Amino acid sequence: MVVASENGAIVIAPLLFTWLQGADFYFDLHKEAVESLPAGNGKQWLDIGSGPGLVARLAAERGYRALGIDTDPQMVTAAQWIARHSHSPADFQTGDFTRLPAESAQVVSAASLLAVLPDREAGLRSLWRLLRPGGTLLIVEPTHQMTSANARRAIQNGLPKKRIAGLRMWANARQGNIVDPSMYETLGAKSIYFQPLLHGLVGTWVIQKFSLAEAPA
Ligand SMILES: C[S@@+](CC[C@H](N)C(=O)[O-])C[C@H]1O[C@@H](n2cnc3c(N)ncnc32)[C@H](O)[C@@H]1O
């Protein structure tokens with residue numbers, strides 16, 4: 001698929017992330033992350049920084065009302081195109097999540113978002129603000145294990161080959177630029193559960209907000 005800007009120039013980021021989201025290793029780890037949450041039964045799931053829409057489509061498959069939000073209109077165009085062609089009910093809108101109303105969803109997810117924000121702590125607080133009481137924040141981010149050497153070892157140990165070059169690129173881009181997970185402890189959450197993915201190179205943090213009845217005085 002080619003996504004072009006108004007002046008016809010090829011837009012690299014949506015192409016790159018569409019390609020990456022089609023890699024087996026990338027698809028599998030995000031599916032595992034989404035499946036760490038219970039089935040949705042129509043609950044609202046907001047995927048922030050949704051890119052071409054993989055997490056929102058997986059959430060919709062799991063029974064959530066899934067809405068992906070991204071500041072980049074080309075990403076949103078790519079996500080809408082893929083959702084239409086894969087008959088996914090996931091919806092996508094262009095927008096900046098810091099401007100969304102508070103307590104918008106029962107689940108808020110952010111995959112590879114925090115690392116690209118100018119102020120990660122402020123970004124995390126804005127994600128938390130979007131969650132209703134009792135809701136769940138799902139973060140997917142590379143861990144300190146994400147280095148070129150560890151990625152090479154994981155590939156040699158037999159990951160699916162389709163677009164595996166994406167893992168080498170990801171490791172090169174992210175080693176030394178990892179989101180510090182200790183910042184999740186500043187949220188005052190009810191619980192934080194960590195699950196390693198992709199041989200520990202990536203992790204998902206499932207962070208639960210207190211319900212109104214449980215909120216500490
Ligand atoms: C590294 S990409 C990750 C895409 C996708 N979540 C994934 O894991 O493949 C980060 C995305 O966040 C988007 N983004 C950055 N700042 C944002 C903001 N303030 N509100 C919404 N989206 C934002 C970018 O446009 C980009 O598409």
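This is a predicted model, so every value here is computed, not measured.

A. Quick peek at the packing of aromatic side chains. With the rule as written, the count across this model stands at 6 aromatic pairs. Judged by centre distance (6.0 Å) and plane angle (85 degrees), the rings of F25 and Y26 are edge-to-face. For the residue pair F25 and Y26, the accessibility class agrees, reading buried in each case. On the numbers, 4.9 Å between centres and 75 degrees between planes, the contact of W45 with Y64 is edge-to-face. With W45 in strand 1 (residues 44-48) and Y64 in the loop between helix 3 (54-61) and strand 2 (65-70), the pair connects residues that are 19 residues apart, well separated along the chain. Here the two residues W45 and Y64 agree in accessibility, since each one is buried. Through successive ring pairs, a cluster of aromatic residues spans F25, Y26 and W170.

B. The arrangement of the site of the ligand in detail. Close to the ligand lie 18 residues; Q21, Y26, G49, D70 and A111 are nearest. G49 places a main-chain nitrogen or oxygen 2.7 Å from a nitrogen atom of the ligand. In the environment of the ligand, a nitrogen atom lies 3.1 Å from a nitrogen or oxygen atom belonging to the side chain of D96. Contact with the protein chains covers 87% of the free accessible surface of the ligand, which is 600 Å². Counting atoms within 2 Å of the grid points, the majority share of the ligand lands in the largest pocket. For the shell around the ligand, the class distribution of residues is 8 nonpolar, 7 polar and 3 charged.

C. Here's a closer look at the environment of A213. Position of A213 among the secondary structure elements: in the segment after strand 7 (202-208). Take A213: its relative accessible area is 81%, and that puts it in the exposed class. Considered as a pair, A213 and P133 are 80 residues apart in the sequence and their alpha carbons are 9.1 Å apart.

D. How the structure looks around the layout of surface pockets. Empty space within the largest pocket amounts to approximately 680 Å³. If you trace the largest pocket, you find 32 residues lining it, with F17, A111, S112, L113 and V116 closest to the centre. If you tally residues by element for the lining of the largest pocket, the top one is helix 7 (residues 165-174), at 5 residues. A per-class count over the lining of the largest pocket returns 18 nonpolar, 10 polar and 4 charged.

E. View of the packing of helix 1 (residues 12-21) against helix 2 (residues 24-34). Contact geometry of helix 1 with helix 2 gives a least axis separation of 6 Å together with a crossing angle of 75 degrees. Put simply, helix 1 runs roughly perpendicular to helix 2. From helix 1, F17, L20 and Q21 reach across to helix 2, where they touch F25, Y26 and F27. Counted by class, the contact of helix 1 with helix 2 contains 5 nonpolar, 1 polar and no charged residues.

F. The confidence of the model for the chain, seen in detail. Mean pLDDT over the chain: 93, with 94% of residues reaching 70 or higher. Contacts from residues 1-10, a stretch scored under 50 in pLDDT, to residues over four places away or in other chains number 17 contacts.

G. Focus on the nonpolar core. The biggest cluster of nonpolar side chains holds 41 residues, and the ones touching the most others in it are F25, W45, L167 and V202. Here this core gets 6 residues from one element, more than from any other, and that element is helix 3. Aside from chain neighbours lying at most four places away, what touches L167 is F25, M146, A151, I155, L159, L198 and L201. Residues I69, L117, L130 and M183 belong to the second largest nonpolar core, which totals 26 residues.

H. Layout of the side chain of S88. Within the secondary structure, S88 sits in the loop between helix 4 (73-85) and strand 3 (91-94). From its side chain, S88 meets the backbone nitrogen of A90 in a polar contact 3.1 Å long.

I. Main features of the pairing of strand 3. Pairing of strand 2 with strand 3, which is carried by 4 bridges, proceeds in the parallel orientation. Looking across to strand 3, one finds that G68 is bridged to F92. Regarding topology, helix 4 serves as the crossover connection from strand 2 to the parallel strand 3, and that connection is right-handed.

Parameters at a glance
Residues numbered from 1 in each chain as written. Predicted model: local features only at pLDDT ≥ 70, side-chain atom pairs only at ≥ 80, totals over all residues. Heavy atoms only, no water. Phe/Tyr/Trp six-rings, centres within 6.5 Å; stacked < 30°, edge-to-face > 60°. Buried < 20%, exposed > 50% of the residue type's maximum accessible area, 1.4 Å probe, protein only. Helix = DSSP H or I, 4+ residues; strand = E, 2+ residues; numbered from the N terminus. Near = heavy atom within 4 Å. Polar contact = N/O pair within 3.5 Å; in protein donor to acceptor, adjacent residues only side chain to side chain. Areas by Shrake-Rupley, 256 points an atom, 1.4 Å probe, with all protein chains shown as cover. 1 Å grid on protein atoms, 1.4 Å probe; cavity = no way out; pocket = protein on both sides within 12 Å on 5 of 7 lines; lining within 4 Å. Sits in = over half its atoms within 2 Å of the grid points. Nonpolar A, V, L, I, M, F, W, Y, C, P; charged D, E, K, R; others polar. Points joined across faces, edges and corners; volume = space filled by probe spheres on them. Axes fitted to C-alpha atoms, helices over the stretch in contact; angles between N-to-C directions. Parallel < 35°, antiparallel > 145°, perpendicular 65-115°, else oblique. Contact = heavy atoms within 4.5 Å. pLDDT = per-residue confidence, 0-100. Core = buried A, V, L, I, M, F, W, Y, C linked by side-chain atoms within 4.5 Å. Pairing = 2+ DSSP bridges. Right-handed = clockwise from strand over helix to strand, strands pointing away.

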